[in-house]
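What follows is the residue order along each chain.
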Amino acid sequence: MDPTQVQIVERYCAQGSWIAETALHIGGEAGDFDQGADMVLLRDADGRPYIPGASLAGACRSHLRGSGKEPDALLVLFGGDVDRQKDKLEYASALTVFDARPEDGEPVGAFVRDGLRID
C-alpha cells in the first residue's frame, strides 16, 4: 500500500478515560527549576496538569509494537517509512491523539513528599 495515495473516506473517533493507578509525574518546563522546584508538573494555561497527546501516542505505539521489528500496520497508523529503505519519516501519522486532561470537577492535586530518599 502506498501511503501517499491514501485518501480519507471515513473518520472514526474514540473517547475514553485514563486512570492513574499509581503516582504520576508529567515533567514541566526546564526553566521552572530556577524557581527552586525539584520536580515540576506540566500544566495547561488554566494551571491544570495534563498528559500531551504525543506522549500518549508514543506509549501506545511502544506497547503495541512490543519487542522486535515494528509491523507495517503500525507504521501506517503512527507514521513512518513502510518501504524501510529510507532513513527519514516518509509520511505523518494517520492517528490524531489529543491531550489527556482531567475531567471537569475532578480534584487534581500535587503532593509534596518531603523526607524521601534512596538508601
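As the structure is a prediction and not an experimental result, all values here were calculated from the model.

How each quantity is defined
- Residues numbered from 1 in each chain as written.
- Predicted model: local features only at pLDDT ≥ 70, side-chain atom pairs only at ≥ 80, totals over all residues.
- Heavy atoms only, no water.
- Helix = DSSP H or I, 4+ residues; strand = E, 2+ residues; numbered from the N terminus.
- Buried < 20%, exposed > 50% of the residue type's maximum accessible area, 1.4 Å probe, protein only.
- Contact = heavy atoms within 4.5 Å.
- Areas by Shrake-Rupley, 256 points an atom, 1.4 Å probe, with all protein chains shown as cover.
- Phe/Tyr/Trp six-rings, centres within 6.5 Å; stacked < 30°, edge-to-face > 60°.
- Lys NZ or Arg CZ within 6 Å of the ring centre and 35° of its normal.
- Salt bridge = Lys/Arg side-chain N within 4 Å of Asp/Glu carboxyl O.
- Patch = residues over 30% accessible without salt bridge, like charges linked within 9 Å, V, L, I, M, F, W, Y side chains within 5 Å.

Along its length, the chain carries two helices and zero strands. Expressed as a percentage of its 119 residues, the buried residues of the chain come to 15%. In the chain, the share of contacts with a sequence separation of at least 24, taken over all contacts with a separation of at least 6, comes to 34%. Here the chain has roughly 10300 Å² of accessible surface; of this, 51% comes from carbon and sulfur atoms.

Here the focus is the environment of Leu 75. Following the sequence through the fold, Leu 75 ends up in helix H2 (residues 72-78). Sequence separation of Leu 75 and Ala 92 is 17 residues, and the distance between their C-alpha atoms is 9.5 Å.

Quick look at the packing of aromatic side chains now. The way to describe two aromatic rings as a pair is by their centre distance and the angle between their planes. The final tally for this structure, using the stated rule, is zero aromatic pairs. Positioned over the ring face of Tyr 50 is Arg 101, at 4.7 Å from the centre of the ring.

Turning next to the pattern of salt bridges. Evaluated as defined, the whole model comprises three salt bridges. Linking Glu 70 and Arg 61 is a salt bridge whose minimum nitrogen-to-oxygen distance equals 2.6 Å. Look at Glu 70 and you get buried, because its relative accessible area is 11%. Across the salt bridge formed by Arg 101 and Asp 99, the nearest N and O atoms sit 3.3 Å from each other. Given the relative accessible area of 33%, Asp 99 is considered partly exposed. Taken together, the salt bridges that share partners define one network made up of Asp 44, Asp 99 and Arg 101.

A few words now on a nonpolar patch on the surface. Together, Leu 77, Leu 95 and Val 97 make up a nonpolar patch on the protein surface, roughly 190 Å² of accessible area in all. By the secondary structure assignment, Val 97 is in the segment after H2. On the basis of relative accessible area, Val 97 is assigned to the partly exposed category, the value being 31%.

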